[in-house]
Amino acid sequence: MIAMIVGEIANFAAYAFAPALLVTPLGALSIIISAVLAHIILRERLHIYGILGCILCVVGSTTIVLHAPQEREIESVTEVWDLATEPAFVFYASLVLMAVFILIIHFIPRYGQTHIMVYIGVCSLVGSLSVMSVKALGIAIKLTLSGTNQLVYPQTWAFTVIVVACVVTQMNYLNKALDTFNTAVVSPIYYVMFTSLTIVASVIMFKDWDRQNPTQIVTEICGFVTILSGTFLLHKTKDMSDGLTGSHSTRQLKYTDEEGGFGSEGIPLRRQESMRTHDAL
């Protein structure tokens, strides 16, 4: 727990010193460290596909780090507020809030227990706004500690309220997704959607790509796709032993969740058991 708290504090601080375009995709490195520690401490075998997934994550992360944009120089939290209230980001935030409202009111009561994208959609959309607010709050704290008090500005407290509201909403629906669906399916889908929407929000609000040429932008996108490939490979094959094929492993993940849970396609496992029994008869 102490290690996790320290890690989250460090992740929070990172947004104050580097673009979200760089910080968010690098979260995939925690997957690599978890896989290596599980191999060393828990004696879980890291097979060839897992090693390949780790290599892909390292290559993608290195590519993004080498071509990431420089952090924008900001001297006051009011500058961040001005960026957040520009028409482009206000339009994006309005679309996000509208989509979240529709998902919560209309789709979750009807499809929340059968369609994995409903819960994850809410988490990812709200998460993109929470990262922008966390970055703004991190900048305010950094400037305050350096001698320029930002606590006197109401914008600092406004960002604080937004962070709390977004994080509470995000964690609530993420926990519901994890309680309802297989973690091996939720984790990679959530990582892809959350990271993609965060990059979009950062590009719109902080205009990260305005200071880069097309070659750098394309290289960053390629690095991100490489990380996604490694992440999916790690999650999809993490329960595979050396003698299993990919398709057989997928079938195992689909049917070996806890009793009463849901499979990777959003179908209750009890229903799957009855379907298989019917087929056998």
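Source: prediction; values computed, not measured.

A look at the overall build of the chain
- Tallying secondary structure elements over the chain gives 12 helices and zero strands in all.
- By residue count, 42% of the 281 residues in the chain fall in the buried class.
- When contacts within the chain are restricted to residue pairs at least 6 apart in sequence, long-range pairs at least 24 apart make up 78% of them.
- If you sum the accessible surface of the chain, you get close to 15000 Å²; carbon and sulfur atoms cover 68% of it.

What about the packing of helix α8 (residues 154-180) against helix α9 (residues 183-206)?
- Relative to each other, α8 and α9 sit at 145 degrees, their axes nearing to 9 Å. Where α8 abuts α9, its residues Q170, L174, A177 and L178 lie against T183, V186, Y190 and F194.
- A breakdown of the residues in the contact of α8 with α9 according to their chemical character gives six nonpolar, two polar and no charged.

Some words on a negative patch on the surface
- Together, E73, E75, E79 and D82 give the surface a local cluster of negative charge.
- Tracing the chain through its elements places E75 in the loop between α4 (48-67) and α5 (77-84).

Concerning the nonpolar core
- Core analysis: the biggest nonpolar cluster contains 64 residues, and V80, F89, M132 and M205 have the highest contact counts within it.
- Per-element tally for this core: the top contributor is helix α7 (residues 116-145), with 17 residues.
- Taken domain by domain, the makeup of this core includes at least three residues from each of domain 1 (1-69 + 213-240) and domain 2 (75-211).

Here we look at the packing of aromatic side chains
- What the rule picks out here adds up to five aromatic pairs.
- Plain terms: the ring middles of F107 and Y111 are 5.9 Å apart, the flat faces sit at 35 degrees to each other, and that makes the pair tilted. Taken together, the positions of F107 and Y111, both in helix α6 (residues 87-111) and four residues apart, correspond to about one turn of that helix.
- When its relative accessible area of 30% is taken as the criterion, F107 is described as partly exposed.
- The side chain of K135 reaches across the aromatic face of F206, ending 5.4 Å from its centre.
- Over the ring of F17 we find K142, and its NZ or CZ is 5.0 Å from the ring centre.

So, the pattern of salt bridges
- Enumeration according to the criterion identifies two salt bridges in this entry.
- With its nearest N and O atoms 3.6 Å apart, the salt bridge here joins R211 to D208.
- The buried category is assigned to D208, whose relative accessible area is 3%.

Comments concerning the layout of surface pockets
- By volume, the second largest pocket is sized at about 330 Å³.
- If you trace the second largest pocket, you find 18 residues lining it, with A93, L97, L129, S133 and I162 closest to the centre.
- For the lining of the second largest pocket, the secondary structure elements donating two or more residues are α5, α6, α7 and α8.
- In terms of residue count, α6 provides more of the lining of the second largest pocket than any other element does, six residues in total.
- Looking at side-chain class alone, the lining of the second largest pocket contains 15 nonpolar, three polar and no charged residues.

Let's talk about the UniProt feature "transmembrane region" (unreviewed entry) in the chain
- As recorded in UniProt, the sites labelled "transmembrane region" (unreviewed entry) are residues 12-41, 48-69, 89-109, 116-137, 157-174, 181-205 and 217-234.
- Secondary structure across residues 12-41 comprises 73% helix and 0% strand; the distance between its end C-alpha atoms is 28 Å.
- Between the first and last C-alpha atoms of residues 48-69 the distance is 34 Å; the span itself is 91% helix and 0% strand.

A look at helix α3 (residues 29-40)
- Its 12 residues place the ends of α3 17 Å apart at the C-alpha level, agreeing with the 16 Å of an ideal helix rising 1.5 Å per residue.
- For α3, the complete set of buried residues consists of I32, A35 and A38. With its buried residues spanning 135 degrees around the axis, α3 presents them on a single face.

Points about helix α10 (residues 214-236)
- Here α10 spans 33 Å end to end across 23 residues, near enough to the 33 Å set by a 1.5 Å rise per residue.
- Between the side-chain oxygen at the start of α10 and the backbone nitrogen of T215 there is a gap of 3.1 Å, and the oxygen is on N213.

Here is what the cut-offs are and how they apply
Residues numbered from 1 in each chain as written. Predicted model: local features only at pLDDT ≥ 70, side-chain atom pairs only at ≥ 80, totals over all residues. Heavy atoms only, no water. Helix = DSSP H or I, 4+ residues; strand = E, 2+ residues; numbered from the N terminus. Buried < 20%, exposed > 50% of the residue type's maximum accessible area, 1.4 Å probe, protein only. Contact = heavy atoms within 4.5 Å. Areas by Shrake-Rupley, 256 points an atom, 1.4 Å probe, with all protein chains shown as cover. Axes fitted to C-alpha atoms, helices over the stretch in contact; angles between N-to-C directions. Nonpolar A, V, L, I, M, F, W, Y, C, P; charged D, E, K, R; others polar. Patch = residues over 30% accessible without salt bridge, like charges linked within 9 Å, V, L, I, M, F, W, Y side chains within 5 Å. Salt bridge = Lys/Arg side-chain N within 4 Å of Asp/Glu carboxyl O. Lys, Arg positive; Asp, Glu negative; His and termini not counted. Charge placed at Lys NZ, Arg CZ, Asp CG, Glu CD. Core = buried A, V, L, I, M, F, W, Y, C linked by side-chain atoms within 4.5 Å. Domains from an automatic or database assignment. Phe/Tyr/Trp six-rings, centres within 6.5 Å; stacked < 30°, edge-to-face > 60°. Lys NZ or Arg CZ within 6 Å of the ring centre and 35° of its normal. 1 Å grid on protein atoms, 1.4 Å probe; cavity = no way out; pocket = protein on both sides within 12 Å on 5 of 7 lines; lining within 4 Å. Points joined across faces, edges and corners; volume = space filled by probe spheres on them. UniProt positions renumbered as here; feature names shortened; annotations may be inferred. Expected span 1.5 Å × (residues − 1). Arc of directions from axis to C-beta. Polar contact = N/O pair within 3.5 Å; in protein donor to acceptor, adjacent residues only side chain to side chain.

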